Amino acid sequence: MLRPVLVLLERLRFSPKRRTALSFCLAAIPEEKKPSRDFAAVALACLMPLAASAQPADGSAAGFATKAAQAYMIEASTGTVLLAKNEDQGFSPASLAKLMTMDLVFEAVTKGQITLDTEYPVSEYAWRTGGAPSRTATMFAALKSRVRVEDLIKGIAIQGANDSCIILAEGMAGSEQQFAESMTRRAREIGMEKAVFGNSTGLPDGKSTVTAREMVTLAAALQQSYPNLYPYFAQPDFEWNRIFQRNRNPLLGLDLGADGLATGFAEGEGYSIVASVQRDGRRLFLALAGIASDKERTEEAKRVLEWGLTAFENRQIFAEHEVIGAASVYGGAARSVDLVAKAPVSVYIPVSNPDRLSARIVYHWPLTAPVQPDYQAGTLRIFAGSRLLREVPLYTAQAVGEGSLSSRAVDAMLELGESLFFSWLWDKSAAG
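Residues numbered from 1 in each chain as written. Predicted model: local features only at pLDDT ≥ 70, side-chain atom pairs only at ≥ 80, totals over all residues. Heavy atoms only, no water.

- As annotated in an unreviewed UniProt entry, the protein chain carries the name serine-type D-Ala-D-Ala carboxypeptidase and comes from Rhizobium binae.
- UniProt's Catalytic activity (unreviewed entry) comment on the protein chain is quoted here verbatim: "Preferential cleavage: (Ac)2-L-Lys-D-Ala-|-D-Ala. Also transpeptidation of peptidyl-alanyl moieties that are N-acyl substituents of D-alanine."
- Heading Function (unreviewed entry) of the UniProt record for the protein chain holds this comment: "Removes C-terminal D-alanyl residues from sugar-peptide cell wall precursors." (UniProt positions renumbered as here; feature names shortened; annotations may be inferred.)

With respect to the sheet that holds strand β9 (residues 258-266)
Strands pair in a sheet through their backbones, by hydrogen bonds, and they do so in one of two ways: parallel or antiparallel.
Right, on to step 1. Ordered by their spatial adjacency, five strands build an open sheet running β4-β3-β11-β10-β9, and the pairing between neighbours is antiparallel. Every other strand in the sheet has two partners, leaving β4 (81-85) and β9 as the edge strands with one partner each. Here the average twist between neighbouring strands, direction ignored, is 5 degrees.
Right, on to step 2. Bridging between strand β10 (residues 270-279) and strand β11 (residues 282-291) involves eight bridges; their strand directions are antiparallel. Bridge pairing in β11 links R279 to R282.
Right, on to step 3. Sitting on the sheet, helix α9 (residues 294-310) touches β3 (70-75), β4, β9, β10 and β11, and the angle it makes with β11 is about 150 degrees. (Pairing = 2+ DSSP bridges. Helix = DSSP H or I, 4+ residues; strand = E, 2+ residues; numbered from the N terminus. Axes fitted to C-alpha atoms, helices over the stretch in contact; angles between N-to-C directions. Contact = heavy atoms within 4.5 Å.)

Here's the deal with the side chain of R297
Right, on to step 1. Summarising the element assignment, R297 is placed in helix α9.
Right, on to step 2. Given the relative accessible area of 6%, R297 is considered buried.
Right, on to step 3. Among residues more than four places away in sequence, those in contact with R297 are T263, G264, Y271, S272, I273 and I291. (Buried < 20%, exposed > 50% of the residue type's maximum accessible area, 1.4 Å probe, protein only.)

Some points on the environment of S92
Right, on to step 1. Relative to the elements of secondary structure, S92 occurs in the loop between β4 and α3 (98-110).
Right, on to step 2. Relative accessible area serves as the criterion here: at 27%, S92 is assigned to the partly exposed category.
Right, on to step 3. Separated by 180 residues in sequence, S92 and S272 place their C-alpha atoms 9.5 Å apart.
Right, on to step 4. With near-sequence residues (within four places) excluded, S92 lies in contact with S208, A266 and E269.
Right, on to step 5. In this structure the side chain of S92 is engaged in a polar contact, spanning 2.6 Å, whose partner is the side chain of E269. (Polar contact = N/O pair within 3.5 Å; in protein donor to acceptor, adjacent residues only side chain to side chain.)

A look at the pairing of β9
Right, on to step 1. With eight of nine residues buried, β9 lies mostly within the body of the structure.
Right, on to step 2. Where β9 hands over to β10, the hairpin turn is made up of three residues, of which G268 adopts a positive phi near 85 degrees.

Some thoughts on the pairing of β10
Right, on to step 1. Within β10, seven of the 10 residues are buried, which leaves the element mostly enclosed by the surrounding structure.
Right, on to step 2. In this sheet, β10 lies alongside β9 in antiparallel orientation, the contact comprising eight bridges. Bridging across to β10, F265 finds its partner in Y271.
Right, on to step 3. Taken together, β10 and the strand that follows it, β11, pair antiparallel across an intervening segment of two residues, in which D280 is found at a positive phi of about 55 degrees.

Let's talk about the packing of aromatic side chains
Right, on to step 1. Applying the stated criterion across every chain yields a total of six aromatic pairs.
Right, on to step 2. Centroid distance F106 to Y226: 5.6 Å. Interplanar angle 65 degrees. Geometry classified as edge-to-face. Placement of the pair is F106 in helix α3 and Y226 in the loop between α8 (212-225) and β7 (237-240), with a sequence separation of 120 residues.
Right, on to step 3. Among the residues examined, F106 registers a relative accessible area of 0% and is labelled buried.
Right, on to step 4. Ring-pair connections join several aromatic residues into one group, and the members of that group are F106, Y226, Y230 and F233. (Phe/Tyr/Trp six-rings, centres within 6.5 Å; stacked < 30°, edge-to-face > 60°.)

Concerning the nonpolar core
Right, on to step 1. Core analysis: the largest hydrophobic core is formed by 62 residues, its most contacted members being L99, M100, M192, F197, M215 and F233.
Right, on to step 2. If we ignore the near neighbours within four places in the chain, the residues touching M215 are F91, L96, L99, M192, V210, V274 and A287.
Right, on to step 3. Of all hydrophobic cores here, the second largest spans 26 residues; its members include I349, A359, I382 and L394. (Core = buried A, V, L, I, M, F, W, Y, C linked by side-chain atoms within 4.5 Å.)

Details of the side chain of T184
Right, on to step 1. Inspection of the secondary structure puts T184 in helix α7 (residues 176-189).
Right, on to step 2. Aside from chain neighbours lying at most four places away, what touches T184 is A195, V196 and F197.

Notes on the packing of helix α6 (residues 162-173) against α7
Right, on to step 1. One can describe the packing of α6 onto α7 by two numbers: an axis separation of 8 Å at closest approach and a directional angle of 90 degrees. Classified by the angle their axes make, α6 and α7 are roughly perpendicular. Counting all contacts with α6, which are made through I166, A169, E170, M172 and A173, the residues of α7 involved are E176, Q178 and F179.
Right, on to step 2. Here the residues of the contact of α6 with α7 are counted per class, giving five nonpolar, one polar and two charged. (Parallel < 35°, antiparallel > 145°, perpendicular 65-115°, else oblique. Nonpolar A, V, L, I, M, F, W, Y, C, P; charged D, E, K, R; others polar.)

Quick notes on α8
Right, on to step 1. Taking 1.5 Å of rise per residue, the 14 residues of α8 would be expected to cover 20 Å, and the 20 Å separating its terminal C-alpha atoms lies within 8% of that figure.
Right, on to step 2. With 10 of its 14 residues buried, α8 lies for the most part within the structure.
Right, on to step 3. The complete set of buried residues in α8 reads A212, E214, M215, V216, L218, A219, A220, A221, L222 and Q223. (Expected span 1.5 Å × (residues − 1).)

Quick notes on the pattern of salt bridges
Right, on to step 1. With the rule as written, the count across this model stands at 19 salt bridges.
Right, on to step 2. Of the charged contacts, one joins D103 and R186 as a salt bridge, the two residues approaching to 2.6 Å between their closest N and O atoms. Here D103, found in helix α3, pairs with R186, found in helix α7; they are 83 residues apart in sequence, far enough to count as distant. Neither residue differs from the other here; D103 and R186 are each classed as buried.
Right, on to step 3. The partner of R315 in a salt bridge is E313, with the nearest N and O atoms 3.5 Å apart.
Right, on to step 4. A residue is classified by how much of its surface remains accessible, and R315, at 38% relative accessible area, is partly exposed.
Right, on to step 5. Assessed through its relative accessible area of 32%, E313 is described here as partly exposed. (Salt bridge = Lys/Arg side-chain N within 4 Å of Asp/Glu carboxyl O.)

Structural data, given as structure tokens:
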């Protein structure tokens, strides 16, 4: 059974000149199978160990801890995860749900389905539930009046107005319930796998839920997909119906470089915030939830963002189209194909006491000839200690045609041996 392992280590290899810079963990784990955590540990131990440095229990980097119950922060250009704590644990979005409402509105404007000058009526339901009688965040839209989409956008982005959300939801979808269903569908489209939205406002409904990771995904989508509309989040104030209101985002005036996005509060769960900052050519997206007070939310968000802006440096690991590794090809004229990334691969690491970097390639095993160039064959996963920093798609660098009959027969035997070996590992893992 050792032969398949030796062949595997030979075939799954990284560029030799990078081995001094990174300790790579090589793994041939078929993506269509879902190995247990125990099997993953066995595979890592068999092939190459990860870095020895320990990771704090809350998943934070370089010993940094946050008071938030849930937290997630990334650097935008590389996607490097700078902070993660209970990032996949659900919580009530409260007013953070309005960001998904904005996504649907921005998408409709961008596609020309509506315009900034489109007007929608203010229904009694919108007025009572989110308007002046509701005593919640409101733009004070008058009952039975008509309001332009641009003004409704300002009401949400600047004031977090509930009436603005409901007016848009009813105008675009016919009812708030139908609009909320569209919000959940849209969440799946952009990679928010757990999020559920029960209404357009985030007002308590007993079923809405999001995660910190998902809210960062949404914030990044808003900024990157709608650059012409995103600046509404940074406007300092708004006046409607002769009532002047300042932007509710407490970070905008703190000289951080903040330009969005929203705050929330859920009874029994505490205060939350989704923020974006851009300073010195660096953009960060942050989500915090489960904070004890409004004051602590502002202080903690400022502290985390300042740390993210100053405690990391950018390090390029691979150049554009540099060969990162090779994947085995069965039945091919060549036994392997080079894997490359389409852009330089960089990560942000702590300036002081950086964790040892490690990585592994995960790809669809086995690749079967013929293999076309520029085929997305797998993913490079980069770690600092045990913390996943980022994932980078890997593509085949060249074509591999079908091999001779004899070479295909040899490859079939090797594939059988490797399959038996990994099946044995899975069986041992399941038995444990």
